[in-house]
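Structural overview
Each chain, written out:
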Amino acid sequence: MAASGSAGRKGFWERLQRIDRRWIYLVIWLVVMVPLIKPFPIKPVASPPVQQMFSYIDSMPEDKALIISVDYSPDTQAELHPMTLALLRHAFATDRRVGLVATTVYGLGLGEDALREVKREFDSVATRHEDSVISGEDFIFWGWTTPLLTMMLGMGERITNVFPVDYYGARTESLPMTRHVKNYNDVGILVSVAGSSMPISWVAYAQTQFGLRIGCGTTAVSAADYYTYLNSGQFTGMLAGMRGAAEYEQLTREKMDRLGMTWRVRNRGTEAMSSQTAAHIAIILFIVVGNIGYFATRRRKS
Amino acid sequence: MNLATDPWVWVAAIMTLAVFSFLYKENPFYRAAEHLFVGVSNGYFITFTWHRVLVPSLIDPVGHGQKLWLILAAIVGALYFTRFIPKISWLVRIPIAIFLGYGSGMSLLRSVEAGIIAQVKATIVTRATFANWQAGLWALIILVGVVCTITYFFFSAERKGVLKPISYVGIIFVMVGFGASFGYTVMARISLFIGRLQFLLGDWLGLIR
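Everything numeric in this text was worked out from a predicted model, so none of it was measured.

**Quick word on the overall build of chain A**
- When you go through chain A residue by residue, the secondary structure sums to 12 helices and 6 strands.
- Considered along the principal axes of its C-alpha atoms, chain A spans approximately 90 × 40 × 30 Å.
- Each of the 302 residues in chain A was classed as buried or not, and the buried ones make up 53%.
- Sequence separation of at least 24 residues holds for 76% of the intrachain contacts in chain A that already meet a minimum separation of 6.
- By element, 56% of the accessible surface of chain A is carried by carbon and sulfur atoms, the whole surface being about 13,500 Å².
- The centroid of the 32 positive side-chain charges in chain A is displaced by 13 Å from the centroid of its 28 negative side-chain charges.

**Overview of the pairing of strand 2 (residues 98–102) of chain A**
Residues and elements named next belong to chain A.
- Of all the 5 residues making up strand 2, 5 are buried; the element is thus mostly covered by neighbouring parts of the structure.
- Here strand 2 shows a buried face lined by Val98, Leu100 and Ala102 and a second buried face lined by Gly99 and Val101.
- Taken together, the 5 bridges between strand 1 (residues 65–71) and strand 2 define a ladder with parallel strand orientation. Bridging from a neighbouring strand, Ser69 pairs with Val101 of strand 2.
- Bridging between strand 2 and strand 3 (residues 139–143) involves 4 bridges; their strand directions are parallel. Across the sheet, the residue bridging to Val101 is Gly143, located in strand 3.
- Taken together, strand 2, helix 5 (residues 105–125) and strand 3 constitute a β-α-β crossover, and its handedness is right-handed.

**What to know about the pattern of salt bridges**
- The full count for this structure, using the stated rule, is 18 salt bridges over all chains.
- Across the pair Glu271 of chain A and Arg266 of chain A runs a salt bridge, and its minimum N-O distance is 2.9 Å.
- Note on Glu271 of chain A: relative accessible area 17%, which makes it buried.
- By relative accessible area, Arg266 of chain A is classed as partly exposed at 23%.
- The salt bridge partner of Arg268 of chain A is Asp203 of chain B, with a shortest N-O separation of 3.3 Å. Here Arg268 of chain A, found in helix 11 (residues 268–271), pairs with Asp203 of chain B, found in helix 6 (residues 163–204), and the two come from separate chains.
- What emerges from the salt-bridge pattern is a single network uniting Arg266, Arg268 and Glu271 of chain A together with Asp203 of chain B.

Conventions we followed
- Residues numbered from 1 in each chain as written.
- Chains lettered and ligands numbered in written order.
- Predicted model: local features only at pLDDT ≥ 70, side-chain atom pairs only at ≥ 80, totals over all residues.
- Heavy atoms only, no water.
- Helix = DSSP H or I, 4+ residues; strand = E, 2+ residues; numbered from the N terminus.
- Buried < 20%, exposed > 50% of the residue type's maximum accessible area, 1.4 Å probe, protein only.
- Contact = heavy atoms within 4.5 Å.
- Areas by Shrake-Rupley, 256 points an atom, 1.4 Å probe, with all protein chains shown as cover.
- Lys, Arg positive; Asp, Glu negative; His and termini not counted.
- Charge placed at Lys NZ, Arg CZ, Asp CG, Glu CD.
- Pairing = 2+ DSSP bridges.
- Right-handed = clockwise from strand over helix to strand, strands pointing away.
- Salt bridge = Lys/Arg side-chain N within 4 Å of Asp/Glu carboxyl O.

As far as function goes, none of this settles anything; it's purely spatial.
Structure follows, in structure tokens:
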């Protein structure tokens, strides 16, 4: 009996080592899907890099603009788009002027999508014309141009030289916001929301040359590499992955509530946190069980 | 359930499911989606570059008799296409050389300043660093980590004597770095999957409220 029990256990661990990976995909699919439909409550708590970025934008001088550089493409949209949305909500809620720029063609559609969504939210509750979000006054979507180096350096001299027309085809020189935002001197911080090494390029060109403050919104994959830039003070703050987006969404939500802006918005980062947590627990269990199986079978073989 | 009525949401959902079908095994639906993505991306890029860069920055001004020197730049840029004509393909070196020279000149000093000098400065520990004991402790850990890790990658001397324990500590820091990167990578991949499921369950099927 004891021998057959031992053979049964041996069979279990060895079968586990050879399990078809599609079963793991199925488990992950379920673990992610169920909490999205039936979420359990999670309140994101801002980590210091997120709090740093939020506090700076919240308290920067009123005449300084926020520039968001949409440096990502649809493949990293899930992690980064919620950051752009949260940054726009924060800026419009606190009456900051916003400039949007894209360093890739693929970021253009995403930038426009984010602007349209947040503008619609604010416009739907505006009772006066001044309360709505107006293109050219409250924000300019400069769009994209090439080459990158010339764009980054040229914006420090005069933005209208680099972008004679905005994304919608309007002459930038004629837009009211241009009177207040001529170059980096009029910018409080540029936040590069990127799925690539673009934040480092902004540091190398815009910060080293013009002293512009840079914030970083990045995919979780790149976060470990970027902590050194946070530690050196080259980044004023950092949002790392979907968790970073959820934390910024939470801070923005609290700020908007304090300002009496209590309308409901879809915070995709926060919405994803239940699934994220469940998936992490599942992966930790996979790693633990996989390692136990590995050592159990190795000991038997030896 | 509140199904989407926008046909483009349906197109995106079907494409997403076609790509996910690869998880079961390679199949024609996955390949069709992959080819469509490559084609549409390139088409979008070329169209946008034409309408938003070449037309306003080159064709419009030159067409109106302004900035005629841009014709020279356009000719040099067009030399990239000589790559397709074997007899004169060597001409492609001209725009590549100009672009490399410009890029290197513009980025060299700034990259050194941003990527090396500022980073080294951040490891310097002064008395002010210890104004806050936590900041001081982390600054010391970073200093030890940087020195030990660089020592680990110092291949010109045999690892014995004092170099051996320092390199060993360096390996520990490298391993911790790899662990952090792996953890973040898992988080990133799961996030991307969550994003697609948010789209399928929320925007397409209307199951997320």
